[in-house]
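One letter stands for each residue in the lines below.
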2 protein chains.
Amino acid sequence: LEQLGTVAIVGVGLIGGSIGLALRAGGLSKRVVGVGRSTVRLREAQALGAIDEGTTELAQGVAEADVVVVCTPVTQIAADVQGAAAVGSDALLVTDAGSTKRRIVEAVEKHPRGRAAFVGAHPLAGSERQGVAHAQEELFEGRVCVLTPTAATPPDRVRRARGFWSALGCRVVELDPVAHDSFLALTSHLPHAVAAALAAAVPDEALPLAAGAYRDGTRVAASDAGLWTAIFLENRAPLLHALDRFNSQLDRFRQALEDHDAAGIHSWWEAARAHRRRFECLKDIERIED
Amino acid sequence: LEQLGTVAIVGVGLIGGSIGLALRAGGLSKRVVGVGRSTVRLREAQALGAIDEGTTELAQGVAEADVVVVCTPVTQIAADVQGAAAVGSDALLVTDAGSTKRRIVEAVEKHPRGRAAFVGAHPLAGSERQGVAHAQEELFEGRVCVLTPTAATPPDRVRRARGFWSALGCRVVELDPVAHDSFLALTSHLPHAVAAALAAAVPDEALPLAAGAYRDGTRVAASDAGLWTAIFLENRAPLLHALDRFNSQLDRFRQALEDHDAAGIHSWWEAARAHRRRFECLKDIERIED
């Protein structure tokens, strides 16, 4: 793997900070520049070793970059990608780490420079925590990263984006942006909504009797409200469809319970358990492949 | 703490086996007798050090016991408690580890010997795994154990039950059986039903893109179908009420999403997050108290 020159990270929080730590620890790039709105947070990122230097000016941060990774909230990504592509070199690769893809890719591809530079990406890694203080060098190790190139994306940018995310430890797969959003509505956005509903459904007076099932079932409800409100709205239609699937499953259980239908509950549970087991098997296969 | 004489464990699976391991490792009792239906599994429990000896005859296992702990599935507990109380000594303490309490306590208290010997208990510890092979000596360390004595329960039995579960490492609290079942419907049975619905809602083709939120949100869906079908049916009415609370939360989210209501989603999420944070704070307080 060839060493990269300058990588600019736009938005140096948990994800952007972890990218910076991995790049610097692995000697994957010559220089890591952080771009953010707050000089205080940029200094924190520098002190933690996530970036070599920081700037609040996108144009300045991008000027000498070979690669720009946009790690801002999903509602801001398209504008930041556009901004970077507009002022960066003709050879610039721009990628991102947003949890949704369709609208971002559509918005970026309206502009020739964005279309020429951008490969949408979503590394399936994260945490319910926020901020560069929780960044981890190994956050991407062994994780899937979905790239969402389209017919308009230059093949050499796809190749370089693959190289970039692979160097961070990701197993790279490609999907079209619409398929990405449908799958992630089910595998990530739905679980987040369900976790929050579960957290809120248990009244305070019952919490002292909550244990492992509540703890794990609600973990991601500790995530940031602003980030998740944006993700839900960006992926509204696929998420509504995912909620339908979930409600239909829970309604089947409820009906069997109302009917005192032991066989119905049992077979419903076994089907759910089989899904969960297939998920565990996939994870085992992935570990073997690593 | 005075050492116990003989403790009989009826049902030597994950829970019963963990009790046996803790009793023997801590020298808390002179002898641990396992009672089960399968000699093969009893021999396995003996080989793993969870019991000193095993028998398939309840009367034989209980004959010399000071304490009997019934760890069979919830539908069988009342009959096993009755059986033990009928043949045991007059000083016998019978307790259990069932996830539901109202129906069990009512059934046991119909019989004078059961009423005189029994203190219902529910240690909030467990696992999605089954069987004595997954038993752990420290399973109960720091966990809440809910005792559900009634006006009919002899105070000395409550005192001894407190001593027994405390010796295993539990923090003992008392609740009436109906309150126990209402709280646990919310804090445990609802999270299990939600986990299974979530597991089943995600189709196979999406599973390769599932990560932490799905993994944690569905962990307990790997639990045994028979055990959970029985728990759900035993606690049907409180669980239906808990499902109503959950559905009302998820419906609020869905409506806000349909309405493109960013402020509504944001405030809904913040309320859920606050619940989750109170749960974490309670856990922190418990750790400090330990």
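Residues numbered from 1 in each chain as written. Chains lettered and ligands numbered in written order. Predicted model: local features only at pLDDT ≥ 70, side-chain atom pairs only at ≥ 80, totals over all residues. Heavy atoms only, no water.

Draft legend 1. Just the pattern of salt bridges, in detail. Here the structure, examined in full by the defined rule, presents 36 salt bridges over all chains. Arginine 31 of chain A is paired through a salt bridge with glutamate 53 of chain A; the nearest N and O atoms lie 2.7 Å apart. Of this pair, arginine 31 of chain A sits in strand β2 (residues 29-35) while glutamate 53 of chain A sits in strand β3 (residues 53-55), placing them 22 residues apart in sequence. A residue is classified by how much of its surface remains accessible, and glutamate 53 of chain A, at 33% relative accessible area, is partly exposed. With a shortest N-O distance of 3.1 Å, glutamate 258 of chain B and arginine 254 of chain B are connected by a salt bridge. Residue glutamate 258 of chain B and its partner arginine 254 of chain B are both found in helix α11 (residues 236-258); the two are separated by 4 residues, about one turn of the helix. (Salt bridge = Lys/Arg side-chain N within 4 Å of Asp/Glu carboxyl O. Helix = DSSP H or I, 4+ residues; strand = E, 2+ residues; numbered from the N terminus. Buried < 20%, exposed > 50% of the residue type's maximum accessible area, 1.4 Å probe, protein only.)

Draft legend 2. Spatial organisation of the interface of chain A and chain B. Facing 81 residues of chain A, the contacting portion of chain B comprises 82 residues. Between chain A and chain B, the buried area comes to about 7,900 Å², and carbon and sulfur atoms account for 70% of it. Sorting the residues of chain A by area buried against chain B places Leu209, Trp269 and Arg276 of chain A first, and these three jointly supply 11% of that buried surface. At the surface where chain A touches chain B, the tally comes to 6 salt bridges. Residue arginine 219 of chain A pairs with aspartate 216 of chain B through a salt bridge whose shortest N-O separation is 2.5 Å. Here the element with the most residues in the side of chain A that touches chain B is helix α8 (residues 177-201) of chain A; it accounts for 16 residues. Its residues assigned to classes, the side of chain A that touches chain B comprises 48 nonpolar, 15 polar and 18 charged. (Contact = heavy atoms within 4.5 Å. Buried area = accessible area lost by both parts, 1.4 Å probe. Nonpolar A, V, L, I, M, F, W, Y, C, P; charged D, E, K, R; others polar.)

Draft legend 3. Inspection of the relation of the copies chain A and chain B at higher detail. Placing chain A over chain B gives an RMSD of 0.0 Å and needs a rotation angle of 180°, together with 0.0 Å of translation along the axis. With respect to symmetry, the two chain copies, as superposed, fit the operation of a two-fold axis. Identified as the residue of chain A closest to the rotation axis by C-alpha distance is glycine 217 of chain A, at 2.2 Å. When you check the interface residues of chain A against chain B, 100% turn up at the interface there too, and the contact is symmetric in its surfaces. (Least-squares fit on C-alpha atoms with pLDDT ≥ 70 in both.)

Draft legend 4. The arrangement of the sheet that holds strand β9 (residues 171-174) of chain B in detail. Residues and elements named next belong to chain B. With respect to topology, 3 strands assemble into an open sheet ordered β7-β8-β9, the strand pairing being mixed. Pairing within the sheet leaves two strands with one partner each, and these edge strands are β7 (121-123) and β9. Direction aside, neighbouring strands of the sheet carry axes that sit 20° apart on average. Examined bridge by bridge, strand β8 (residues 144-147) and β9 share 4 bridges and lie parallel to one another. Among the inter-strand pairings, cysteine 145 is bridged to a residue of β9, identified as valine 172. (Pairing = 2+ DSSP bridges. Axes fitted to C-alpha atoms, helices over the stretch in contact; angles between N-to-C directions.)

Draft legend 5. Inspection of the nonpolar core at higher detail. In terms of nonpolar packing, the biggest core is built from 130 residues, with Val68 and Phe246 of chain A together with Val68 and Phe246 of chain B touching the most fellow members. In contact with valine 68 of chain B, not counting residues within four places along its chain, are Ala8, Val10, Val62, Ala84, Leu92, Leu93, Val94 and Thr95 of chain B. (Core = buried A, V, L, I, M, F, W, Y, C linked by side-chain atoms within 4.5 Å.)

Draft legend 6. Highlighting helix α7 (residues 155-167) of chain A. Residues and elements named next belong to chain A. Counted at 1.5 Å a residue, the expected span for α7 with its 13 residues is 18 Å, and the 18 Å between its end C-alpha atoms agrees. Where α7 is concerned, the buried positions are Arg157, Val158, Ala161, Phe164 and Trp165. The arc enclosing the buried residues of α7, seen along the axis, measures out at 125°, which places them on a common side. Facing away from the buried surface of α7 by more than 90 degrees, the exposed residues are Pro155 and Arg159. (Expected span 1.5 Å × (residues − 1). Arc of directions from axis to C-beta.)

Draft legend 7. How the structure looks around the environment of glycine 54 of chain B. Residue and element names in this part refer to chain B. Along the chain, the position of glycine 54 falls in strand β3 (residues 53-55). Placed 173 residues apart in sequence, glycine 54 and leucine 227 show a C-alpha to C-alpha distance of 23 Å. Setting aside residues up to four positions removed in sequence, glycine 54 forms contacts with Gly34 and Leu42.

Draft legend 8. Looking closely at the side chain of threonine 95 of chain A. All names here are of chain A. With respect to the secondary-structure elements, threonine 95 resides in strand β5 (residues 93-96). On the basis of relative accessibility, which here comes to 0%, the residue threonine 95 falls in the buried class. Apart from residues lying up to four places away in sequence, threonine 95 is in contact with Val68, Val69, Val70, Phe118, Val119, Gly120, Ala121, Phe164 and Trp165.

Draft legend 9. View of the environment of histidine 134 of chain B. Residues and elements named next belong to chain B. If you trace the backbone, histidine 134 turns up in the loop between β7 and β8. Relative accessible area serves as the criterion here: at 36%, histidine 134 is assigned to the partly exposed category. Linking histidine 134 and alanine 199, residues 65 residues apart in sequence, is a C-alpha distance of 23 Å. The contacts of histidine 134, once residues within four sequence positions are left out, are Leu14 and Arg129.

Draft legend 10. Region of the structure containing the sheet that holds strand β2 (residues 29-35) of chain B. All names here are of chain B. Strand order across the open sheet formed by 6 strands is β3-β2-β1-β4-β5-β6, with parallel pairing between neighbours. Edge positions in the sheet fall to β3 and β6 (118-119), since each of these pairs with one other strand and no more. As paired elements, strand β1 (residues 4-10) and β2 share 6 bridges and run parallel to each other. Bridge assignment links valine 7 to a residue of β2, and that residue is valine 32. Across the face of the sheet, helix α1 (residues 14-25) comes into contact with β1, β2 and β4 (67-70) while running at roughly 165° to β1.

Draft legend 11. Expanded view of the confidence of the model for chain A. In this model, chain A carries an average pLDDT of 95, and 98% of its residues clear a pLDDT of 70 or more. In the predicted complex, the global pTM is 0.92; the interface-specific ipTM is 0.92. (pLDDT = per-residue confidence, 0-100.)

Draft legend 12. Geometry of the packing of helix α8 (residues 177-201) of chain B against helix α10 (residues 225-234) of chain B. Residues and elements named next belong to chain B. Running from N to C, α8 and α10 cross one another at 125°; their axes reach a closest spacing of 11 Å. It follows from the interaxial angle that α8 and α10 lie oblique. Handedness of the α8/α10 crossing: left-handed. Facing α8, whose interface residues are Ser188, His189, His192 and Ala193, α10 presents Trp228, Ile231 and Phe232. In terms of residue class, the contact of α8 with α10 is built from 4 nonpolar, 3 polar and no charged. (Parallel < 35°, antiparallel > 145°, perpendicular 65-115°, else oblique. Left-handed = near helix turned anticlockwise from the far one by under 90°.)

Draft legend 13. Geometry of the packing of aromatic side chains. Summed over all chains, the structure comprises 19 aromatic pairs over all chains. Ring geometry for phenylalanine 232 of chain A versus phenylalanine 253 of chain B: centroids 4.8 Å apart, planes at 70°, classification edge-to-face. With one member in each of two chains, phenylalanine 232 of chain A in helix α10 (residues 225-234) and phenylalanine 253 of chain B in helix α11 form a pair that bridges those chains. What makes phenylalanine 232 of chain A buried here is its relative accessible area of 0%. With relative accessibility at 0%, the residue phenylalanine 253 of chain B sits in the buried group. Centre to centre, the rings of phenylalanine 164 of chain B and tryptophan 165 of chain B are 5.4 Å apart; their planes meet at 85°, and the pair counts as edge-to-face. Across this residue pair, the class does not change: phenylalanine 164 of chain B and tryptophan 165 of chain B are buried. Ring pairs connect the aromatic residues Trp228 and Phe232 of chain A together with Phe253, Trp268 and Trp269 of chain B, which therefore count as one cluster. (Phe/Tyr/Trp six-rings, centres within 6.5 Å; stacked < 30°, edge-to-face > 60°.)

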